[in-house]
Amino acid sequence: MPFFATSHILPLTDLAFHLAAVRPDDVEVVVAPSHASVDVATYAFPAVDGLPPGVENMSTVSAADSWRLEIAATDEALLRPAQESLVRESSPDAIVSDLHFFRWNAGIAAELGIPCVLFNVVGIFSTLATWRLALSGNVKDTPAGSSVTIPQIPGPEISMPVTELSEFLRNPPVFDPSAGAHFMMLLKSCGFISNTFFDLEHEYCESHEHSGYVKRTYCVGPLSLPMSPPARAGAAGRSACLDWMDTKPAHSVVYLCFGSLTNFSEAQLDELALGLEASGVPFLWVVRVKTWEPPVGWKDRVGSRGMVFKGWAPQTDILQHPALGAFVTQCGWNSVLETIAVGVPVLTWPMVYEQFLTERFVTHVLQIGERLWPEGAGRRSTRYAEHDVIPAKDIAQSIAKFMEHGGAAEAARRRAMELSPKAHAAIAEGGTSNRDLHQLIDDFIAARGPTTS
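Residues numbered from 1 in each chain as written. Predicted model: local features only at pLDDT ≥ 70, side-chain atom pairs only at ≥ 80, totals over all residues. Heavy atoms only, no water.

**Notes on the pattern of salt bridges**
Evaluation of the coordinates by the stated rule reveals 20 salt bridges. The partner of E76 in a salt bridge is R80, with the nearest N and O atoms 2.8 Å apart. Linking E76 with R80, this pair stays in helix α3 (residues 76-90), spanning four residues, or about one helical turn. Given the relative accessible area of 17%, R80 is considered buried. Several salt bridges share partner residues, and in doing so they unite E76, R80, E84, R88 and E111 into one network. (Salt bridge = Lys/Arg side-chain N within 4 Å of Asp/Glu carboxyl O. Helix = DSSP H or I, 4+ residues; strand = E, 2+ residues; numbered from the N terminus. Buried < 20%, exposed > 50% of the residue type's maximum accessible area, 1.4 Å probe, protein only.)

**Some words on the packing of helix α1 (residues 6-22) against helix α17 (residues 432-448)**
At their nearest, the axes of α1 and α17 sit 10 Å apart, and the two run at 80° to each other. As the angle between them shows, α1 and α17 are arranged roughly perpendicular. Note on element contacts: α17 touches α1 through N434, L437, H438, L440 and I441, opposite L15, H18, L19 and V22. Residues of the contact of α1 with α17, tallied by class, amount to six nonpolar, three polar and no charged. (Axes fitted to C-alpha atoms, helices over the stretch in contact; angles between N-to-C directions. Parallel < 35°, antiparallel > 145°, perpendicular 65-115°, else oblique. Contact = heavy atoms within 4.5 Å. Nonpolar A, V, L, I, M, F, W, Y, C, P; charged D, E, K, R; others polar.)

**Thoughts on the side chain of R380**
As for its placement among the helices and strands, R380 is situated in the loop between β14 (369-371) and α15 (392-403). Of note is the side chain of R380, whose polar atom sits 2.7 Å from the side chain of E359. (Polar contact = N/O pair within 3.5 Å; in protein donor to acceptor, adjacent residues only side chain to side chain.)

**Digging into the nonpolar core**
Core analysis: the largest hydrophobic core is formed by 91 residues, its most contacted members being F4, F102, L200, M245, Y255 and L284. Ignoring any residue separated from it by four or fewer positions in sequence, one finds L284 in contact with C241, W244, M245, V253, V254, Y255, L256, M307, F309 and I318. Listed in part, the 30 residues of the second largest apolar core include F264, L269, V281 and F402. (Core = buried A, V, L, I, M, F, W, Y, C linked by side-chain atoms within 4.5 Å.)

**Description of the sheet that holds strand β4 (residues 116-120)**
Strand pairs in the sheet, formed through backbone hydrogen bonds, run parallel or antiparallel to each other. Sheet architecture is open: four strands sit in the order β3-β4-β7-β8, paired in parallel fashion. The two strands at the open ends of the sheet, each matched to only one other strand, are β3 (95-98) and β8 (216-219). Across the sheet, the mean angle from the axis of one strand to that of its neighbour is 30°, orientation sign disregarded. Sheet analysis places β4 next to strand β7 (residues 191-194), joined by four bridges and oriented parallel. Within β7, the residue paired with F119 across the bridge is I193. (Pairing = 2+ DSSP bridges.)

**Considerations on α17**
Spanning 17 residues, α17 covers 24 Å between terminal C-alpha atoms, matching the ideal 24 Å at 1.5 Å per step. Those residues of α17 lying buried are S433, N434, D436, L437, L440, I441 and F444. Along the axis of α17, the buried positions cluster into a sector of 165°, meaning they face one direction only. For α17, the exposed residues set more than 90 degrees away from the buried face come down to I445 and A446. Looking at the buried side of α17, the elements it contacts are α1, β3, β4, β7, β8 and α16 (408-427). Positive backbone phi, approximately 75°, marks G449, located one or two places after α17. (Expected span 1.5 Å × (residues − 1). Arc of directions from axis to C-beta.)

**Focus on the pairing of strand β10 (residues 283-287)**
The element β10 is extensively covered by neighbouring structure, given that five of its five residues are classed as buried. Here three bridges tie strand β9 (residues 253-257) to β10, and the two strands are oriented parallel to one another. Directly across from V254, in β10, lies its bridge partner F283. Handedness of the β9-helix α10 (residues 266-279)-β10 crossover: right-handed. Strand direction decides the pairing type here: β10 and strand β11 (residues 306-310), joined by five bridges, are parallel. (Right-handed = clockwise from strand over helix to strand, strands pointing away.)

**What to know about the packing of aromatic side chains**
All chains considered together, the criterion is met by 18 aromatic pairs. An angle of 90° between the planes, with centres 5.0 Å apart, marks the rings of F125 and Y204 as edge-to-face. With F125 in helix α5 (residues 124-136) and Y204 in helix α8 (residues 202-209), this pair connects stretches of sequence that are 79 residues apart. Pair check on accessibility: F125 and Y204 agree, each one buried. Centre to centre, the rings of F125 and F361 are 5.3 Å apart; their planes meet at 25°, and the pair counts as stacked. Of this pair, F125 sits in helix α5 while F361 sits in helix α14 (residues 355-366), placing them 236 residues apart in sequence. Pair check on accessibility: F125 and F361 agree, each one buried. An aromatic cluster is defined as three or more aromatic residues linked by ring pairs; in this entry it consists of F3, F4, F45, F101, F102 and W104. Residue placement shows R216 over the ring face of Y218; its charged tip is 4.5 Å from the ring centre. (Phe/Tyr/Trp six-rings, centres within 6.5 Å; stacked < 30°, edge-to-face > 60°. Lys NZ or Arg CZ within 6 Å of the ring centre and 35° of its normal.)

**Concerning unusual backbone geometry**
With omega at -5°, the peptide bond leading from G221 into P222 counts as cis. Positive phi is not limited to glycine here, since Q152 has a value of about 50°. Residue position: Q152 is located in the loop between β5 (147-149) and β6 (159-161). Given a relative accessible area of 63%, Q152 falls into the exposed group. Of note in the backbone geometry, Q367 takes a positive phi value of approximately 55° without being a glycine. Secondary-structure assignment places Q367 in the loop between α14 and β14. You can call Q367 partly exposed: its relative accessible area is 38%.

**As for the environment of M227**
Here M227 lies in the loop between β8 and α9 (240-245). We classify M227 as buried; its relative accessible area is 14%. Sequence spacing of M227 and A341 is 114 residues, and the spatial spacing of their C-alpha atoms is 9.0 Å. In contact with M227, not counting residues within four places along its chain, are T316, Q320, E338, A341 and V342.

Everything listed is a geometric property; what it means functionally is a separate question.
Below you can see the structure in the form of structure tokens.
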């Protein structure tokens, strides 16, 4: 049962396919009706105040109303009846429920004697860091202009400006003590699935495993592997952006895509357009705002050096293209894993949620990329209103310097290429993630006990 966001639905769907491949039995993904693109079981999405009918996904809701979907996902009275009814009608052998929402599903599973595991769509590093910061209680009373150091975490010491921490840490919800204790009990009684692989986050996986927060951790990623081979030149339905990339030299193109949850102001889009123009670097830029148009004369000045792509881009094909030189990413975990799988360096531009923590993992721990906006250049924040507009000159300078011959992109690519075969080995037969998938199913079977026909 994934949250209503493409970034949650896709990895959980990938998990279903992997489980079916490991043990070819019946696996279902349970979503709201408008998400149905595979064989799924659906439940009716309830009416939510302020949302028109049919708006059931974070990628289709307006930026101003996205909070309504997030609040709905934590509203047990609103969502539990439909989800519980489906569970009782379906009589599943096990439930995999989104960690960040729908916490009541663990309780439903316990009532019915069904094993339940919680699925985490972000990496172990950012999860562990969030939990350590939450339990430390240091964030809420720290002034907005200050930083905090992540406590009790292996690897290099990492400090974070308070403005770059999630709202959950900056303004923690007030829980009834008994409800909080009940949630911690559920965590400790459930397994915990993470879309990562042991060799990528081994220190943090071990620390998480020994933390006592959850019963058992299954590292089963990257779930996006194996990737489909990229569409060949001349193939029917091949995206025009790939044909454009065919005209560019190897490792020359900067690809910019900021996921389904990021919302830029028009002022920031204009600055980004002017920065790409001034960088002199070939670029492929995915823009979600269909109504935005670049500054007057920009298209003529950029010419064929750049391409703006509006709509859903074939990201895995783009990442595998030999012309790709770097990926400017918001540090969504799915994109980070896809980048690692193909060995591409990154420039980071986080915006929301845990993305700033993931950035630290990418730049400080893995060292497969750099921040697009240097530290101290301005204020970045998980709160839209606090985030400064990044000026065009800084964007241009950062991209041009990163991509120059002998620049940071080359060293970052070498480190990313060292990780790529480890990602593929993890998900292959006998790899660490494949073994955890087998163990997950074995534990499901053991938890259900003997069955009668």
